[in-house]
Amino acid sequence: MNTEKIYEDYRQKVFSYILSKVQNSDLAEDLCQNVFLKIYEKADTFDETKASVSTWIYTIARNTLTDYYRTRRVTSEIPETIQSEQSTEDEVINGEMMERLADALSQMDERMRDVIILRFYDGKTLREIADNMGISYAYVKVIQNKAFAFLRNFLENE
C-alpha cells in the first residue's frame, strides 16, 4: 500500500471532513495529521476484501474524532470563595452526571454517538448533521431518538 499516494489523494477530503466537525482549522490540521499517522502505522493491517480504502480512511478519521471528544474534558476552576455548601453539592452532582454521560457515550452505537456529539457538543442542527453524515434528515431524527432512549435507559438503570 502506497501511503504517500493515499496522503495525496485523501488529505484534503479528510481535512475537510474533520474541519466540518470541529470548526477550528488548527485543531482540524492536528487531527488530520493523527489520522494519517494511524494510516501509516496500520497500512499493513488493511484488508481490501473487507472495505475500500476510502471506507477504511473514513473509519479511522471518525474514530480519531470520537477519541478526541471522549478525551476532551470540560474543566472549570473552583472559585476561591465558595458561596455556599449547596453550590458545592451541585458541582459534585454535575460532575458525577458528566461522568455517567461520558460512560453512556462510550457504550453507545457509533452513529448515535456521532449525532449526539455533533448536536450537543458542536451545536449543529439536525439538517447540518444529515449533510455532514451523508444521510437523510428523517434518519438523523430516528438516530437521535434512539440515542435519547439509550441515554434514558442507561441513566435510569445505572
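Below is a summary of the structure that appears in this document. (Residues numbered from 1 in each chain as written. Predicted model: local features only at pLDDT ≥ 70, side-chain atom pairs only at ≥ 80, totals over all residues. Heavy atoms only, no water.)

### Observations concerning the overall build of the protein
Defined as follows: Per the convention used, a helix needs a DSSP run of H or I reaching at least four residues, while a strand needs a run of E reaching at least two, with both numbered from the N terminus. When accessible area is computed with a 1.4 Å probe and restricted to protein chains, residues below 20% of their type maximum are described as buried, those above 50% as exposed, and intermediate ones as partly exposed. Reported accessibility uses the Shrake-Rupley method at a 1.4 Å probe radius. Residues are deemed covered only where the shown protein chains occlude them.
The secondary structure content of the protein amounts to seven helices and zero strands. Residues classed as buried in the protein amount to 31% of the 158 residues present. When the accessible surface of the protein is split by element, carbon and sulfur atoms take 49% of a total near 10,600 Å².

### Here's the deal with the nonpolar core
We count it as follows: In this description, a nonpolar core means a group of buried Ala, Val, Leu, Ile, Met, Phe, Trp, Tyr and Cys residues linked to one another through side-chain atoms lying within 4.5 Å. Two residues qualify as a contact provided that any one of their heavy atoms is within 4.5 Å of a heavy atom in the partner residue.
In terms of nonpolar packing, the biggest core is built from 22 residues, with V14, I18 and I39 touching the most fellow members. Those elements giving two or more residues to this core turn out to be α1 (3-22), α2 (25-42) and α3 (53-71). For I18, the residues in contact, after removing those within four places along its chain, are A28, L31, C32, V35 and L65.

### Here's the deal with the side chain of R11
Note the threshold: Two N or O atoms count as a polar contact when they lie within 3.5 Å, although within protein this holds only if one can serve as hydrogen donor and the other as acceptor, and sequence-adjacent residues are included solely when both atoms are side-chain atoms.
Positionally, R11 belongs in helix α1. We classify R11 as buried; its relative accessible area is 18%. At 2.4 Å, the side chain of R11 forms a polar contact with the side chain of E29. Beyond its immediate chain neighbours, meaning those up to four positions away, R11 contacts I6, E29, C32 and F36.

### Description of the packing of α1 against α3
When two helices pack together, their arrangement is given by the angle between the helix axes and the distance between those axes. For the record, the criterion: In this analysis, axes come from line fits to C-alpha atoms, helices being fitted only over the stretch in contact, and the angle between any two N-to-C directions falls in the range 0 to 180 degrees. Note: crossing handedness is left-handed where the near helix turns anticlockwise from the far helix by less than a right angle, and right-handed where it turns clockwise.
Running from N to C, α1 and α3 point in directions that differ by 35°, and their axes come no closer than 11 Å. As for the relative orientation of α1 and α3, their crossing is right-handed in sense. Residues I6, Y10, V14, Y17, I18, K21 and V22 of α1 touch α3, and the partners they reach there are V53, S54, I57, Y58, A61, R62, L65 and Y69.

### Let's talk about the pattern of salt bridges
Two side chains carrying opposite charge are able to pair once their charged atoms lie near each other. Using the following cut-off: Salt-bridge detection follows one rule: a side-chain nitrogen of Lys or Arg within 4 Å of a carboxyl oxygen of Asp or Glu.
Evaluation of the coordinates by the stated rule reveals five salt bridges. For R11, the salt bridge goes to E29, with nearest N and O atoms at 2.4 Å. On the criterion of sequence distance, the pair formed by R11 in helix α1 and E29 in helix α2 is long-range, its members being 18 residues apart. Overall, E29 belongs to the partly exposed group, its relative accessible area being 26%. Residue D114 pairs with R62 through a salt bridge whose shortest N-O separation is 4.0 Å.

### Side note on the packing of helix α5 (residues 110-121) against helix α7 (residues 137-156)
The criterion, for reference: Convention used here: angles under 35 degrees read as roughly parallel, angles over 145 as roughly antiparallel, angles from 65 to 115 as roughly perpendicular, and any remaining angle as oblique. Each residue receives one of three labels: charged for Asp, Glu, Lys and Arg, nonpolar for Ala, Val, Leu, Ile, Met, Phe, Trp, Tyr, Cys and Pro, and polar for the others, Gly being one of them.
Running from amino to carboxyl end, α5 crosses α7 at an angle of 95°, the nearest separation of the two axes being 9 Å. By the angle between their axes, α5 is roughly perpendicular relative to α7. Listed contacts from α7 to R111, M112, V115, I116, R119 and F120 of α5 are Y139, V140, I143, Q144, K146, A147, F148, F150 and L151. Broken down by class, the residue content of the contact of α5 with α7 amounts to 11 nonpolar, one polar and three charged.

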